[in-house]
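One-letter residues, chain by chain:
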Amino acid sequence: MSRQLSERIFVAGHKGMVGSAIVRRLQALGYTDIVTCDRAQLNLLDQRAVEDFFRTANIQQVYVAAAKVGGIHANNTYPAEFIYENLMMQANIVQAAHRNDVQKMLFLGSSCIYPVGVQQPMSEGALLTGVLEPTNEPYAIAKIAGIKLCESYNRQYGRDYRSVMPTNLYGPHDNFHPENSHVIPALLRRFHDAVTQGVEEVVIWGSGTPMREFLHVDDMASASVHVMELAEEQYREHTQPMLSHINVGTGEDCSIRELAETIARVTGFKGRLVFDSSKPDGSPRKLMDVSRLSLLGWRASVSLEDGLHDAYRWFSENVLHARSR
């Protein structure tokens, strides 16, 4: 492992769920020079602004956690924004970092990069072997481009730009918007509202049969820093120049029905669960093959139920508290 606690590290997207978790993890490990900028300070869609930032900030490492994200509804409704904004942010960051001699970077992608119907669990080698899930294809294309950006700068310029592909994430600082959120925050909010309003049933999109893997964001942050700190020789020993990304997950999945039943327990909901099969399910199963990361010395540590309790606590203390003020 290589840990230089005084290096100047830029975490792009530090206010988001993943970025804020990475900042917490770096601070817990003793890193002392963490740089963050909110949207008002640095618009990552503005190429000149990003170039100016890197030219003056003396950054030595970058975590690219900035992204436009959302659930099935958001991806279906705003495909142009999802592909454009993600492509622009990551291209601006990678190019400006390279031009200003930043040698180390970690790009965060998504499990949606893998084709629909691919063999489960999904290995890194499944990339670009088939058609993507239509509901989030624009977002997936952008994330694939991010991987290839990093690999291309490594191949041409000798940079050390790495990529990690997380499974479905949840936890503190998640987006709990009633329409544009992912499945866990959406269900936590829906079940909570049902409990407080005395509603006897909760309707869940889809059939409840799709299998999904979920990773607490603190585990994601731990894995991200672990991969970034690996010696370059060790990282390259377990990757290939044009297949360099690493899956991050628990290696275990559950059905959406099982997830809903667990969230019902966490929130104290005692009523009925109703599954609306007229709504899209997405891929029937999405489970990551995490053997590459295991060989590199990292495994998830937060159980799903413990993680859901933590996410619900954060939602109660922050989203609900802010709404009640």
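## Things to note about the overall build of the chain
Helix and strand counts for the chain stand at 11 helices and 13 strands. Whereas a compact globule of 325 residues would reach a radius of gyration of roughly 20 Å, the chain reaches 19 Å, a difference of no more than 12%. The proportion of buried residues among the 325 residues of the chain is 51%. Contacts spanning at least 24 positions in sequence make up 82% of the contacts within the chain whose residues lie at least 6 apart. Only carbon and sulfur atoms are counted for the fraction: they give 48% of the accessible area of the chain, which is about 14500 Å². A gap of 3 Å separates the mean positions of the 32 positive and 37 negative side-chain charges of the chain.

## Looking at helix α4 (residues 79-99)
In this model, α4 (21 residues) spans 30 Å end to end at C-alpha, consistent with the 30 Å of a helix rising 1.5 Å per residue. Within α4 the residues assigned to the buried category are F82, N86, M89, Q90, N92, I93, V94, A96, A97 and H98. Positive backbone phi, at 65°, marks D101, one or two positions downstream of α4.

## Re the nonpolar core
F10, F53, F54, I59 and V62 are the most contacted members of the largest nonpolar core, which totals 42 residues. Of all the elements in the fold, those that place two or more residues in this core are β1 (8-12), α2 (47-57), β3 (61-64), α4, β4 (104-108), α5 (137-157) and β5 (160-166). Not counting chain neighbours up to four residues away, the residues in contact with V62 comprise F10, F54, I93, V102, K104, M105, L106 and M228. Residues V23, L108, M228 and W298 belong to the second largest nonpolar core, which totals 30 residues.

## As for the sheet that holds strand β11 (residues 254-255)
Spatially, three strands are ordered β11-β8-β13 in an open sheet, and the strand pairing comes out mixed. Looking along the sheet, the strands with just one partner apiece sit at the ends: β11 and β13 (285-286).

## Quick word on the packing of aromatic side chains
The full count for this structure, using the stated rule, is nine aromatic pairs. Aromatic side chains F82 and Y139 sit 6.2 Å apart centroid to centroid with 80° between the ring planes, which places their arrangement in the edge-to-face category. You can see F82 sitting in helix α4 and its partner Y139 sitting in helix α5, a full 57 residues away along the chain. Judged by relative accessible area, which is 2%, F82 ranks as buried.

## Re the pattern of salt bridges
Proximity of charged atoms lets side chains of opposite charge pair with each other. As enumerated under the stated definition, the model contains 15 salt bridges in all. Between D218 and R24 there is a salt bridge, and its shortest N-O distance comes to 2.7 Å. Remark: R24 occurs in helix α1 (residues 17-29) and D218 occurs in helix α7 (residues 217-229); sequence separation between them is 194 residues. The exposure class of R24 is partly exposed, given its relative accessible area of 31%. The salt bridge involving E305 is made with R265; its shortest N-O contact spans 3.1 Å. With E305 in helix α11 (residues 304-324) and R265 in helix α9 (residues 256-267), this pair connects stretches of sequence that are 40 residues apart. For E305, a relative accessible area of 31% corresponds to the partly exposed category.

## Comments concerning the sheet that holds β1
Pairing in this open sheet of six strands is parallel, and the strands run β2-β1-β3-β4-β5-β10 from one edge to the other. The two strands at the open ends of the sheet, each matched to only one other strand, are β2 (33-35) and β10 (246-248). For this sheet, the mean angle separating the axes of adjacent strands, direction not counted, is 20°. Both β1 and β2 contribute to a ladder of three bridges, which runs parallel. Paired with I9 across the two strands is I34, which belongs to β2. Each of β1, β2, β3 and β4 touches α1; the most contacted strand, β1, lies at about 155° to it. On top of the sheet, α5 reaches β4 and β5; it is set at about 155° to β5, its chief contact.

## Things to note about the side chain of D174
For D174, the position within the fold is in the loop between β6 (168-170) and α6 (183-197). Buried charged residue D174 carries no salt bridge. Nearest counter-charge: R189, at 11 Å. What D174 contacts, discounting residues up to four positions off in sequence, is M17, L169, P185 and W314.

## Thoughts on the environment of E200
Following the sequence through the fold, E200 ends up in the loop between α6 and β7 (201-205). The exposure class assigned to E200 is exposed, which follows from its relative accessible area of 56%. Residues E200 and K270, 70 residues apart in the sequence, show an inter-C-alpha distance of 7.7 Å. Apart from residues lying up to four places away in sequence, E200 is in contact with F269, G271 and R272.

## Examining the pairing of β3
The two faces of β3 match: Q61 and Y63 on one face and V62 and V64 on the other face are all buried. Here four bridges tie β1 to β3, and the two strands are oriented parallel to one another. Note that in β3 the partner of A12 across the bridge is V64. Here β3 runs beside β4; their pairing, made up of four bridges, is parallel. Along β4, the bridge assignment pairs Y63 with L106.

The rules behind the values
- Residues numbered from 1 in each chain as written.
- Predicted model: local features only at pLDDT ≥ 70, side-chain atom pairs only at ≥ 80, totals over all residues.
- Heavy atoms only, no water.
- Helix = DSSP H or I, 4+ residues; strand = E, 2+ residues; numbered from the N terminus.
- Rg over C-alpha atoms; globule rule 2.2 N^0.38 Å.
- Buried < 20%, exposed > 50% of the residue type's maximum accessible area, 1.4 Å probe, protein only.
- Contact = heavy atoms within 4.5 Å.
- Areas by Shrake-Rupley, 256 points an atom, 1.4 Å probe, with all protein chains shown as cover.
- Lys, Arg positive; Asp, Glu negative; His and termini not counted.
- Charge placed at Lys NZ, Arg CZ, Asp CG, Glu CD.
- Expected span 1.5 Å × (residues − 1).
- Core = buried A, V, L, I, M, F, W, Y, C linked by side-chain atoms within 4.5 Å.
- Pairing = 2+ DSSP bridges.
- Phe/Tyr/Trp six-rings, centres within 6.5 Å; stacked < 30°, edge-to-face > 60°.
- Salt bridge = Lys/Arg side-chain N within 4 Å of Asp/Glu carboxyl O.
- Axes fitted to C-alpha atoms, helices over the stretch in contact; angles between N-to-C directions.

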